[in-house]
Amino acid sequence: QGVCYFRTLDDADHILKLVTELKLKPKEDQHGIIYGGGFIAIEFVKVFSHFDIPMTILMRSDGFWSRVLGDHSKKILSDHAKEGGVEIVMNVKEFDLIGEGAFTGVVVDGQEIKGQIFGVGIGVEHKMTFVRESGIEMEKGILANSFLETKTNNVYTAGDVAQYDDVSAGRSMVAGNWMKAIMQGRAVARTMAEER
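In this text, all values refer to a predicted model and were calculated from it rather than measured experimentally. (Residues numbered from 1 in each chain as written. Predicted model: local features only at pLDDT ≥ 70, side-chain atom pairs only at ≥ 80, totals over all residues. Heavy atoms only, no water.)

Let us now look at the side chain of histidine 31. Within the secondary structure, histidine 31 sits in the loop between helix H1 (9-22) and strand S2 (32-35). Within the structure, histidine 31 has its side chain in polar contact with the side chain of threonine 56 (distance 2.8 Å). Contacts of histidine 31, omitting those with residues within four sequence positions, involve Leu22, Ile53, Pro54, Met55, Thr56, Ile113, Lys114, Gly115, Gln116 and Ile117. (Helix = DSSP H or I, 4+ residues; strand = E, 2+ residues; numbered from the N terminus. Polar contact = N/O pair within 3.5 Å; in protein donor to acceptor, adjacent residues only side chain to side chain. Contact = heavy atoms within 4.5 Å.)

With that out of the way, let us pick up the environment of lysine 93. The topology assignment puts lysine 93 in the loop between strand S4 (87-89) and strand S5 (96-98). Look at lysine 93 and you get exposed, because its relative accessible area is 64%. Remark: the alpha-carbon pair of lysine 93 and threonine 104, spanning eleven residues in sequence, is separated by 20 Å. Among the polar contacts made by the side chain of lysine 93, one reaches the main-chain carbonyl oxygen of arginine 60 at a distance of 2.5 Å. (Buried < 20%, exposed > 50% of the residue type's maximum accessible area, 1.4 Å probe, protein only.)

Phi angles above zero are rare outside glycine, and leucine 148 is one such case at about 65 degrees. Inspection of the secondary structure assignment puts leucine 148 in the loop between strand S9 (142-144) and strand S10 (162-166). Of note in this structure, asparagine 154 is not a glycine but carries a positive phi near 60 degrees. Tracing the backbone shows asparagine 154 in the loop between S9 and S10. Judged by relative accessible area, which is 59%, asparagine 154 ranks as exposed.

The values are spatial; any link to function lies outside them.
Next comes the structure, spelled out in structure tokens:
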């Protein structure tokens, strides 16, 4: 009890139930803990902020969206979160959940952080063995150019698994979110129809 994800409508209903129950407790017994530093983690931050729940974010890396943003941008986001009262613990590679039957906190480097809701915002990891075995070139995702074409003839990629040349960012990147997946699907369809 108290551990939640944020990927489906059922997850959203579960979060609302947990937050509603938490708001019935005294203020000193209200604390949310989030693990992650990307899109889903920031959604948890928005939810906890909306309900005025103090929070701590545990990040595997050294800042928000660490695979995409440079140091300056990560610092701006972290400073903004801290100004809003968010405690941030970076470079957390390992921790322990505590609580019997219900979440009561985490232990990080021997320090206990109490909490009643644990939001898992770390995204997904793809099972890509079949792609690697096919010989299609990969790094963090399936490598593609800015038109989402792989180096393998007539093979395209889109969505969470696509690592493409982003002309706006000026580098190759993976950006797994719903809107990107829809837009990339449309771009692939145009590329296949020779409308580059």
